[in-house]
Amino acid sequence: MLYEKPNTMRPLRTDVLTMTPWFAPIVWNGTYNLDILNAQFHQREVRIGLTVFAIKKYTGFVQTFIESAEKFFMVGHKVTYYIFTDQASDIPAFTLRDGRKLAILEVPSYQRWQDVSMRRMEMIGDQSRLRFIHEVDYLVCVDVDMRFSDEVGVEILSDVFGTLHPGFYSASREQFTYERRAQSTAYIPKDEGDFYYAGGYFGGTVEEVYRLTNFCHNAMVADIEKQIEAIWHDESYLNKYFLYQKPTKILSPEYLWDNDFEVPGFLKRRRFVAVPKNHNAIRSRRALQGVSEAEGKFHR
Ligand code: 5GW
Ligand code: MN
């Protein structure tokens, strides 16, 4: 394979942070050579599981999600889609590329949307132990109300990775919407925290994802016993986990974007973008919380 020699004296990006203080790469366009990475991951015949939840009306997002993933997600690698749903009969049949599979996992639905969102941690953890560990090497766990609009490849893979939330990449520590009540297990003091990670995009080896989801689920259960629920649910517990168990790689907002945000100059690609929701038909989440739609949008 022929490619340009890396140049010790020339950084590939100077406009964004490409390495954390604990030496985890932050993945931005222009910082990696996908041909080199593909060759490395092909040698290991890496298998990747992509998990999503489609509970209640969110089954309506599955078709766009899968069709766009077939175009852009880990093309050329072994991929299994794991769709957790309460209505298997609502999931259409798909024609997938070679080396790709789709598995439907029937799971219970929860009445409260907060529980639908939070229980993902428990279910991913359970299936990691029971099934995923035998079938794949890495897991990528994302929201379903999204579509792939550019390449997402093996450059994202690492032992355990998180994603910079598109609403908070330039925010100060104080602005991060971490859980601030000391009684909650998700509590993060005002003078701590590295980044604000998005609840809707994390992953790693099956073993590391098991550790992460197990921590978040246990923290959540401990809070239920104290009759407290973290402000941003699973996202708050994820942020607590990553504070003391630092991710080994971090995805830039290229990997999780919302086209309602103005596109900054340093954002060269928008690889995975939110599908606009009909908030009345699909859900009434922010209204229930007494948060305006605009604030809600900014949040997640
Ligand atoms: C329903 C109403 C309000 C909030 C969440 C839901 C919901 C979420 C649902 O009814 N069914 C469902 O499968 N989910 C799963 O949780 C989806 O995988 C969804 O992508 C994920 C997170 O909920 P989102 O996408 O509505 O959260 P935001 O913060 O991205 O808007
Ligand atoms: Mn979402």
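Right above here is the structure, for reference.
Remember, it's a predicted structure, so these values are computed and weren't measured experimentally.

Caption draft 1: Looking closely at the coordination of the manganese ion (ligand 2). Within the protein, the manganese ion (ligand 2) binds to Asp143 (OD), Asp145 (OD) and Asp145 (OD); these donor distances fall in the range 2.1 to 2.4 Å. Judged by relative accessible area, which is 7%, aspartate 145 ranks as buried.

Caption draft 2: The arrangement of the side chain of aspartate 115 in detail. As for its placement among the helices and strands, aspartate 115 is situated in helix 3 (residues 113–135). In contact with aspartate 115, other than residues within four places in its own chain, are Tyr110 and Glu229.

Caption draft 3: Highlighting the environment of valine 62. Residue placement: valine 62 occurs in helix 2 (residues 62–72). Not counting residues within four places of it along the chain, the set of residues in contact with valine 62 comprises Ala54, Ile83, Ile91, Phe94 and Val144.

Caption draft 4: Just the pairing of strand 2 (residues 47–54), in detail. Of all the eight residues making up strand 2, seven are buried; the element is thus mostly covered by neighbouring parts of the structure. Where strand 2 lies against strand 3 (residues 78–85), eight bridges are found, and the strand directions are parallel. Its bridge partner lying in strand 3, arginine 47 is registered against lysine 78. Since strand 2 and strand 3 lie parallel, the crossover through helix 2 that links them has a hand, and here it is right-handed. By the bridge criterion, four bridges tie strand 2 to strand 5 (residues 138–142) in an arrangement that is parallel. Of the residues in strand 5, the one forming a bridge with leucine 50 is valine 140.

Caption draft 5: Layout of the packing of helix 4 (residues 206–225) against helix 5 (residues 234–244). Running from amino to carboxyl end, helix 4 crosses helix 5 at an angle of 120°, the nearest separation of the two axes being 9 Å. Taken together, the axis directions place helix 4 and helix 5 in an arrangement best described as oblique. In this structure, helix 4 crosses over helix 5, and the sense of that crossing is right-handed. Here Glu208, Arg211, Leu212, Phe215, Cys216, Ala219, Met220 and Asp223 of helix 4 come into contact with helix 5, specifically with Asp234, Tyr237, Leu238, Lys240, Tyr241 and Phe242. Tallied by class, the residues present in the contact of helix 4 with helix 5 amount to nine nonpolar, no polar and five charged.

About the cut-offs
- Residues numbered from 1 in each chain as written.
- Chains lettered and ligands numbered in written order.
- Predicted model: local features only at pLDDT ≥ 70, side-chain atom pairs only at ≥ 80, totals over all residues.
- Heavy atoms only, no water.
- Donors = N, O, S within 2.8 Å, 3.2 Å for Na, K, Ca; no water.
- Buried < 20%, exposed > 50% of the residue type's maximum accessible area, 1.4 Å probe, protein only.
- Helix = DSSP H or I, 4+ residues; strand = E, 2+ residues; numbered from the N terminus.
- Contact = heavy atoms within 4.5 Å.
- Pairing = 2+ DSSP bridges.
- Right-handed = clockwise from strand over helix to strand, strands pointing away.
- Axes fitted to C-alpha atoms, helices over the stretch in contact; angles between N-to-C directions.
- Parallel < 35°, antiparallel > 145°, perpendicular 65-115°, else oblique.
- Left-handed = near helix turned anticlockwise from the far one by under 90°.
- Nonpolar A, V, L, I, M, F, W, Y, C, P; charged D, E, K, R; others polar.

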